[in-house]
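# Summary of the model geometry
Chain by chain, the residues:
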Amino acid sequence: MTAQLEYPDLQDSDALLSVQGLWKVFGPKAQRVPRRPELAALDRTDLYAKTGCTAAVRDLSFDVAPGEVFVVMGLSGSGKSTLVRCLTRLIEPTAGRLVFEGEDLRAADEKRLRALRRSKFSMVFQHFGLLPHRKVIDNVSYGLEIRGESKPDRRRRAQEVIDLVGLSGNEHLYPEQLSGGMQQRVGLARALANDPDVLLFDEPFSALDPLIRREMQTEVVRLHREVGKTMVFITHDLSEALKLGDRILLMRDGAAVQLGTGDELVGAPADDYVREFVRDVQRADVLTLRWIARRPRDGEPLDGPELGPDVLVREATRLVLEADRPVKVVSNGTLLGVIGDEEILAVVADN
Amino acid sequence: MKKLRYAGVLTAVALALAGCGGEKVGADKPAAGGKDCGTFNLTVSPWVGYEANAAVVAYVATKDLGCTVVKKNLKEEIAWQGFSTGEVDVNLENWGHEDLKKKYITTDKVAVEAGSTGVKGVIGWYVPPWMAAKYPDITDWKNLNKYAALFKTSESGGKGQLLDGDPSYVTNDEALVKNLALNYKVVQSGSETALIQAFRDAEKNKRPLLAYFYEPQWFFNEVKLVKINLPAYKAGCDTDPAKVACDYPPYDLDKIVSKKFADSGSPAYDLVKNFKWTNEDQNAVARMIAVDKLTPDQAAEKWVKDNQSKVNAWLGK
Amino acid sequence: MAAITSDMEVEVRRPRRSVIVGVLLVVWVAAYFVLRGIDTLVLGGQETTPLHRWLTEHRDGVGQGNVFFDAIRIAVDHFVVLLQNVISQPSFDRPVPVIGWLGVVAIAAYCAWAFGNWKVAVLTAAGLAFVGLQGLWQESMDTLALTVAAVLLSLLVAIPLGIWAGLSDRAFRVATLVLDLMQTLPTFVYLAPLTLFFAIGPAAATIATLIYAAPPAVRLTAHAIRSVPPESVEAARSLGSTRGQTLLKVLLPMSRSTVVVGINQTIMAALSMVTVAALIDAPGLGQTVLKALQTLDVGVAFNAGLAIVVIAIVLDRVTTAAGDRPWRTASVRRKVLLGVGALAVLVAIWFSRTYVWAAEFPSDVNVGSRIAVVATDVTNWVHNVFGGFTYGLRDAVTIGLLNPLEGLLTGSPWWLVSAVVVALAAVLGGWRGAVPAAVCLVLLVATGVWQDSMVTLASTLLATVVVVAVGLALGVWAGRNRRVDTWIRPVLDAGQTMPPFVYLVPFLALFGTSRFTAIAAAVVFAVPVTTKIVADGIRAVPVATVEAANSVGSSAWQVISKVQLPVARRAITLAVNQGLIYVLSMVVVGGLVGAGALGYDVAAGFAQSELYGKGLAAGLAIVLLGVMLDRITQAAARRTQNFQNRGDKR
């Protein structure tokens, strides 16, 4: 793999949500920054010194496929939270196109936008953003309430999602009576109540304890399996990104650094920044055999056990080490390469 | 906590049962009389002498004529404004105020004079009695400079202090000090309260004090202040405020009523118009209010009992 | 003022600035000896300037007879009279109000319970019963009726304004500016002009109170809206809420407890103003206090003052409890109990309409006269014991401190004073201090009461220094020690709500009529608020910071001076600032006990028609002094902070 970024075709009609050349610049006369190439090319400090502006999102383009979990990752200040807010225009983008189901979101007026937010998108927030004066069930049904559904309807629907996220029995408590993890379940339930097409998560678990965080991640995986929603998930936690994401977009200073699957990021970092970023990852848990297979040496016995290329290194370790000859990596009958003890050990011992 | 609530409920029930035997509201309706008198608004200026007037007039109007009297505690200026808004019908003791008379009686025609109260007002400079006893010649203004050093205070900047009173009172003191070439400085006490407190303290602790004061005043019942003799008042000697060099004129305190009230034909108007008594009468009632702590009504009742003939004269009986 | 601020700031700032300040002061004193008596802009007590005469002549140009103002007055009047008929005055052809004392106590306690908790309900019932036992039931109900009317009307105006200022940055900036001005404006200043628009009586009193009481509600509503967590608002928007839905379902409910704090402060302000409004014929306890003053009856004045304090404490605790109420609402049991309670209230009301004993507060037990006697005795005792000593103290302070300071301010040419003050403001606060100071000084000269302003300024500065010193000492003590705090706080509350008129007589007895008396009264009035702010600031210092200081073996004094005071700097700046404003707001009351100058001018303008213009100008001068001192202290504080921040980064 090369270090070059490869965007999918921008005209890909399969995409549910398509982002093209998106900019968000904060500061005086922000409009001029994306328009003028010499300004657009400046880095963070120079841009601020010259114009007093900060570009939180710089010329981003990507597509999100239906049913995909799309993770945006970066350190704090990299612009990922701004990006996710731009997607539903909670923050108005400065330039670029947003296409959702073929509709240009940036052209939508206030009313249309509200309609979309009421039925197509939902968001889960880092600090939950719950309404402390409402009971759990009223928090969950808030979205239904403001779109004018009758009380019995929204009660029924709210109860469904409360059961779905595992909050049953807490309907009549107030948010302050719940633990952080439980509060975020309320946030999740509220987002699901609208039955949206896309769920946006803004670092939803970073305010939680590690144990609870893991439990909630598992919960999201389960939900994704059960309801199959498209998800855009913001996080600064690489292991979370690898655990949840079908694809990961790594951001730095508002710009994209690399877009790819988890094993692509780990196996073929686009540059030193990404390499540094993924250094501490348990590579064996992320990399598949595809990434470590080598061409068979001359005279090597090719009658060892066979494994598929998408098997994780961790899963293959025991087999490879116990086999007395190299293991073959085979895809659809084609030999992609072989793996011996030293390849496995290089990955496992690396940690 | 729970018990407490039940206790509360029980108490309420107990009260309810116990209370059923009480006297009912409206069981003794006041005699409905004097339908034609109606209601009038009486301003009450901030000194006890006035309050004595108000107490007696209100008492007689209520008891004998069946009027409803609404008393309003107002400063003089504000009370005059009340004539034009209808908030005030009667002022029972007016100290001069020629400018206001001109505005409200002559120009605006919202008020009319209703004759003298019979009470004579005196304004002047006073010292506590112990000083008059110790320095007999102090009562002549010409000797004031001799004693100026006695009256020095932290406020008078090296000169003698002449203490002035409430900002609403009529005063020529600054001009007097200047025109009589007195080595004194006028210091504003700012209120009648401050003035009386100062005199009380001066007499009790034998401190020197020279201050603006006036009669009739209930305080004379407590401490008999002694007046300084300024150059005698002659008609017209106070026309130019900047050149005044004579004593304050004697005031014939009078009554002012609103035009509306005067034209109403209410018997209360005749009462107000006929109301007339003396400094002694006023002081007697004022003393009952200020010193004996009677309510105005009680004081009036007591006085009326002893002076029924005067009251009958007001009522035209 | 320059002198004082510099003294205060010098300790905490780099030495160079203190040197400049010192040099300035020395130059000033030197110049004073040369230029003494030139251009001092003296204006005698009865003298006026053309501006004053112009204002006097045009007083009739406005107000009265104007249909618009009349309509407002009549509407307010009807409202107030209605409330009075219900709880205080005989009405509807009955010798008693619609609801007698039993009914009022029941309703009040029930409301306290429903909005707060059972503890404040008990407090409410006890407080009202106490007021009744004092023999002041009807007066208290008049005060309460007026307060309630004024508070309801202020909220009607203040909350929408507050919401507007909460949502719009521009409205917020304008509102802050206007509210700052309104809060420095002494109540006496607009009391007299208001009578021109709204005549006298309960309606005018209510309107004056409304104006005085609205600012805190506006301020805190705006603040509350602004401090709703942005994520909750975003969450609501992300679900497709309209602006109206966001406001009604998110912003307002989440602002509730802060808005209630605003309502609480509005109620407190209204209560204190209703007392002062007795001067324009507001019925109630204020009348009792004012009347007692005429005969120097400290006992009766104190008794009525105590009733005001009791009502204030009840209202304060009930609103605080209502604000602190958690989101969790009623359990079924509570709902049932509330229902039962409502029935009991109805029964009580019925009783209070039917039986005399429940309608008119029984007068058999009169605690009031006993309180009055005790208060009088205590005052006399204090007077007898301290009498000799207090005059000496007064003279020492006046001659040693006040006279030199006042002499310097009044004896120097106006342009010299202005130049020095602007220079000091520039040194201490940069252009943010200097520009407002210059503008205010020019306007002060224009008011024509320059010399009186300087006299008032001297007393104000001295009083503020004392207030800050006492407030810091008490505040640090209370902030470090919980027990002290619980004991001191009710006293402070009482000091803040007791109408200042009440302690004028004892102070007069102790100190005679003098500027010192006014300073002492101002100190008593302003110390509670400074102490509270300092104590809260000290308590807000993170425990970890104090622990860290203790862990390296700091002495108590080192912890206070090197950790708690510097960390609580913001609170202390606020305390100085509020102390100043409270002292200034007592200037007019000071005028009633011999302070003369601006306070006397305002009072005289209120009382004498030919001095109306001068009184108005003097009122303006008080505001200008307030704005000037406020801006300079704020700018100085900001500069110190900037300096510190830079230091931190380095």
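For chain C, an unreviewed UniProt entry supplies the name ABC transporter permease subunit and the organism Kribbella soli. For the record of chain C, the UniProt heading Sequence similarities (unreviewed entry) holds the text "Belongs to the binding-protein-dependent transport system permease family."

Where an unreviewed UniProt entry is consulted, chain B appears under the name Glycine/betaine ABC transporter substrate-binding protein, with the organism given as Kribbella soli.

Looking now at the overall build of chain B. What chain B contains, in helices and strands, is 12 helices and nine strands. For chain B, the residues scored as buried account for 44% of the 317 residues in total. Counting contacts in chain B only where the partners sit at least 6 residues apart, residues at least 24 apart contribute 75% of the total.

Moving on, we get to the overall build of chain C. Across its full length, chain C holds 29 helices and zero strands. Computed over the C-alpha atoms, the radius of gyration of chain C is 26 Å, within 12% of the 26 Å expected from 2.2 N^0.38 for a compact globule of 650 residues. Seen along its three principal axes, the alpha-carbon backbone of chain C occupies a region of about 80 × 60 × 55 Å. The buried share among the 650 residues of chain C stands at 55%. Contacts in chain C between residues at least 24 apart in sequence constitute 80% of all its contacts with a sequence separation of at least 6.

In this section: the interface of chain A and chain C. Counting residues at the interface gives 22 residues for chain A, matched by 17 residues for chain C. Elements with a contribution of two residues or more to the side of chain A that touches chain C: helix H5 (110–119), strand E6 (121–124) and helix H7 (142–146) of chain A. For the side of chain A that touches chain C, the element with the most residues is H5(A), which contributes four residues. A breakdown of the residues in the side of chain A that touches chain C according to their chemical character gives 10 nonpolar, seven polar and five charged.

Our next topic: the interface of chain C and chain B. Accessible area lost upon the coming together of the parts serves often as the stated size of an interface. Each partner contributes residues to the interface: chain C has 59 residues there, and chain B has 47 residues. Sorting elements by how many residues they give to the side of chain C that touches chain B places helix H15 (residues 332–354) of chain C first, with seven residues. For the side of chain C that touches chain B, the class distribution of residues is 32 nonpolar, 20 polar and seven charged.

Residues and elements named next belong to chain B. You can read the domains of chain B as domain 1 (13–120 + 253–314) and domain 2 (122–243). Counting residues at the interface gives 18 residues for domain 1, matched by 10 residues for domain 2. At the level of secondary structure, the elements contributing two or more residues to the side of domain 1 that touches domain 2 comprise helix H2 (48–65), helix H3 (76–85), strand E4 (111–127) and helix H10 (279–290). Broken down by element, the residue count for the side of domain 1 that touches domain 2 peaks at six residues, all from H10. Residue composition of the side of domain 1 that touches domain 2, grouped by class: eight nonpolar, five polar and five charged.

The next point concerns the arrangement of the chains. Counting contacts across all two pairs of chains found in contact, the highest total belongs to chains B and C. Looking at chain A next to chain B, you find no contact at all, with the nearest C-alpha pair sitting 23 Å apart.

Residues and elements named next belong to chain A. Taking strand neighbours across the sheet as the criterion, the six strands line up as E6-E7-E8-E3-E9-E10 in an open arrangement whose pairing is mixed. Both edges of this open sheet fall to E6 and strand E10 (255–260), since each of them pairs with a single strand only. This sheet shows a mean twist of 15° between the axes of neighbouring strands, independent of strand direction. Relative to strand E8 (residues 230–235), strand E3 (residues 69–73) is paired through five bridges, and the arrangement is parallel. In the sheet register, Met73 faces E8, and the bridge partner there is Thr235.

Let us look at unusual backbone geometry. Phi is mostly negative for residues that are not glycine, and the peptide bonds are mostly trans. Put simply, Glu215(B) and Pro216(B) share a cis peptide bond, and its omega is 0°. Tracing the sequence through the fold places Pro216(B) in the loop between strand E7 (211–215) and strand E8 (226–227). Phi at Lys29(A) is positive, roughly 45°, even though this residue is not glycine. Along the chain, Lys29(A) turns up in the loop between strand E1 (17–26) and helix H1 (32–35). Assessed through the 10 C-beta atoms surrounding it within 10 Å, Lys29(A) is described here as exposed.

Looking now at the UniProt feature "domain: ABC transmembrane type-1" (unreviewed entry) in chain C. In the numbering adopted here, UniProt assigns the feature "domain: ABC transmembrane type-1" (unreviewed entry) to residues 140–319 and 453–633 of chain C. Taken end to end, residues 453–633 of chain C is 85% helix and 0% strand, and its first and last C-alpha atoms sit 19 Å apart.

Now for the environment of Gly254(A). Residue and element names in this part refer to chain A. Among the structural elements, Gly254 can be located in the loop between strand E9 (247–252) and E10. Given 24 C-beta atoms within 10 Å, Gly254 falls into the buried group. Residues Gly254 and Ser81, spaced 173 residues apart in sequence, show a C-alpha to C-alpha distance of 10 Å.

Let us look at the sheet that holds strand E11 (residues 306–307) of chain A. Residues and elements named next belong to chain A. One open sheet accounts for three strands, arranged E11-E12-E13; its pairing is mixed. Unpaired on one side and paired on the other, E11 and strand E13 (334–339) mark the two borders of the sheet. The pairing of E11 with strand E12 (residues 327–331) spans two bridges and is classified as parallel. The residue bridging Leu307 from the neighbouring strand is Val329, located in E12.

Next up on the list: the domain arrangement of chain C. Its domain assignment divides chain C into domain 1 (2–60 + 390–645) and domain 2 (67–88 + 144–283). Distance between the C-alpha centres of domain 1 of chain C and domain 2 of chain C: 28 Å.

Residues and elements named next belong to chain C. Per-residue pLDDT for chain C averages 82, and the proportion of residues at 70 or more is 92%. Throughout residues 1–13 the model reports pLDDT below 50, and contacts reaching past four residues in sequence, or to other chains, amount to 24 contacts. Note on residues 643–650: pLDDT under 50 across the span, and zero contacts to partners over four residues away in sequence or across chains. Scored by ipTM, the complex comes to 0.79, with pTM at 0.77.

To continue, consider helix H9 (residues 267–274) of chain B. Residues lying three or four places apart along an α-helix face the same way, a consequence of the helix completing one turn every 3.6 residues. For H9(B), the complete set of buried residues consists of Ala268(B), Tyr269(B), Leu271(B) and Val272(B). In a view along the axis of H9(B), the buried residues occupy a sector of 160°, so they form one face of it.

Turning next to the nonpolar core. For soluble globular proteins, nonpolar side chains are generally found buried alongside one another. Among the nonpolar cores identified, the biggest contains 394 residues, and Ala211(B), Ala301(C) and Ala521(C) are the most heavily contacted of them. The leading source of residues in this core is helix H14 (residues 298–324) of chain C, at 17 residues. Beyond its immediate chain neighbours, meaning those up to four positions away, Ala301(C) contacts Val289(C), Ala292(C), Leu293(C), Phe501(C), Val502(C) and Val505(C).

For the pair helix H7 (residues 192–204) of chain B and helix H22 (residues 504–511) of chain C, the least separation of the axes is 9 Å and the interaxial angle reads 40°. One way to sum up the angle between H7(B) and H22(C) is to call them oblique. At the point where H7(B) passes H22(C), the crossing takes the right-handed sense. Here H7(B) contributes Thr193(B), Ala194(B), Gln197(B) and Asp201(B) to the contact with H22(C), which in turn contributes Leu504(C), Val505(C), Leu508(C) and Ala509(C). Classifying every residue of the contact of H7(B) with H22(C) gives five nonpolar, two polar and one charged.

Residues and elements named next belong to chain A. For strand E2 (residues 54–64), the buried fraction is high: eight of the 11 residues fall into the buried class. Where E1 lies against E2, seven bridges are found, and the strand directions are antiparallel. Following the sheet pairing, Leu22 is matched in E2 by Leu60.

This next bit is on the environment of Gly368(C). Residues and elements named next belong to chain C. Among the structural elements, Gly368 can be located in helix H17 (residues 367–411). For Gly368, a count of 23 C-beta atoms within 10 Å translates into the label buried. Gly368 sits 232 residues away from Leu136 along the chain, and the two C-alpha atoms are 7.9 Å apart.

Criteria and thresholds
- Residues numbered from 1 in each chain as written.
- Chains lettered and ligands numbered in written order.
- Predicted model: local features only at pLDDT ≥ 70, side-chain atom pairs only at ≥ 80, totals over all residues.
- UniProt positions renumbered as here; feature names shortened; annotations may be inferred.
- Helix = DSSP H or I, 4+ residues; strand = E, 2+ residues; numbered from the N terminus.
- Buried ≥ 20, exposed ≤ 12 C-beta atoms within 10 Å, placed from the backbone.
- Contact = placed C-beta atoms within 7 Å.
- Rg over C-alpha atoms; globule rule 2.2 N^0.38 Å.
- Nonpolar A, V, L, I, M, F, W, Y, C, P; charged D, E, K, R; others polar.
- Domains from an automatic or database assignment.
- Pairing = 2+ DSSP bridges.
- Axes fitted to C-alpha atoms, helices over the stretch in contact; angles between N-to-C directions.
- pLDDT = per-residue confidence, 0-100.
- Arc of directions from axis to C-beta.
- Core = buried A, V, L, I, M, F, W, Y, C linked by C-beta atoms within 7 Å.
- Parallel < 35°, antiparallel > 145°, perpendicular 65-115°, else oblique.
- Left-handed = near helix turned anticlockwise from the far one by under 90°.

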